[in-house]
Amino acid sequence: QVELVELGGGLVQPGGSLRLSCAGSGRTFSDYSMAWFRQAPGKEREFVASQRRKGDPIFYSDSVKGRFTLSRDNAQDTVYLQMSNLEPEDTAVYYCAGGRPILSAVRSWNAYRFWGQGTQVTVSS
């Protein structure tokens, strides 16, 4: 079992930045693919970014590519999501997730086994 706890959400103005962190505990963090998803009110959970192992390619959704950066520190059992140039459309609850999805499923929320509790990000002036 892996437990995940997200931190770093909040209210930010359009064009601003936030960094989310997701701390893991339990089984060996480095063995798992880590991902970020988000869910806005009334919408389905949406893929944001993922990386299978540290050093592997990082996948991003088209809506965040060039603005968000996923990174991970296996020594600290932590994965980060640096978000820049935020837009009101980025408002959502952000979740980190861990698991062992096959390559073709890294963007699918149901391919991940472990989930954090979520952290709210609100982009508004």
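Residues numbered from 1 in each chain as written. Predicted model: local features only at pLDDT ≥ 70, side-chain atom pairs only at ≥ 80, totals over all residues. Heavy atoms only, no water.

A. Inspection of the state of the cysteines at higher detail. All told, the structure shown has one disulfide when counted by the stated rule. One disulfide in the model links C22 with C96; its S-S distance is 1.9 Å. Residues C22 and C96 are joined by a disulfide whose S-S torsion is about 50°; by sign, that bridge is right-handed. Note that C22 is positioned in strand β3 (residues 18–26) and C96 in strand β9 (residues 92–99), a separation of 74 residues in sequence. When its relative accessible area of 0% is taken as the criterion, C96 is described as buried. (Disulfide = S-S within 2.5 Å. Helix = DSSP H or I, 4+ residues; strand = E, 2+ residues; numbered from the N terminus. Buried < 20%, exposed > 50% of the residue type's maximum accessible area, 1.4 Å probe, protein only.)

B. Summary view of the pattern of salt bridges. Inspection of the entire model under this criterion finds five salt bridges. As a salt-bridge pair, E46 and R38 come within 2.8 Å of each other at their nearest N and O atoms. A salt bridge links D90 to R38, with the shortest nitrogen-to-oxygen separation between them at 2.9 Å. Linking D90 in the loop between β8 (78–83) and β9 with R38 in strand β4 (residues 33–39), this pair joins segments that are 52 residues apart in sequence. The pair D90 / R38 is uniform in exposure class, with both members buried. (Salt bridge = Lys/Arg side-chain N within 4 Å of Asp/Glu carboxyl O.)

C. Structural view of the sheet that holds strand β7 (residues 68–73). Read across the open sheet, the four strands follow the order β1-β3-β8-β7; overall the sheet is antiparallel. Each edge of the open sheet carries a strand with a single partner, namely β1 (2–7) and β7. Neighbour-to-neighbour, the strand axes of this sheet turn through a mean angle of 15°, independent of strand direction. As judged from the six bridges shared by β7 and β8, these two strands associate in the antiparallel manner. Residue S71 lies in a different strand from β8, and its bridge partner there is Y80. (Pairing = 2+ DSSP bridges. Axes fitted to C-alpha atoms, helices over the stretch in contact; angles between N-to-C directions.)

D. Structural view of the confidence of the model for the chain. Mean pLDDT over the chain works out to 93, with 99% of the residues at or above the 70 mark. Summarising per-element confidence for the chain, the mean pLDDT is lowest in β1 (90) and highest in strand β11 (residues 119–123) (98). (pLDDT = per-residue confidence, 0-100.)

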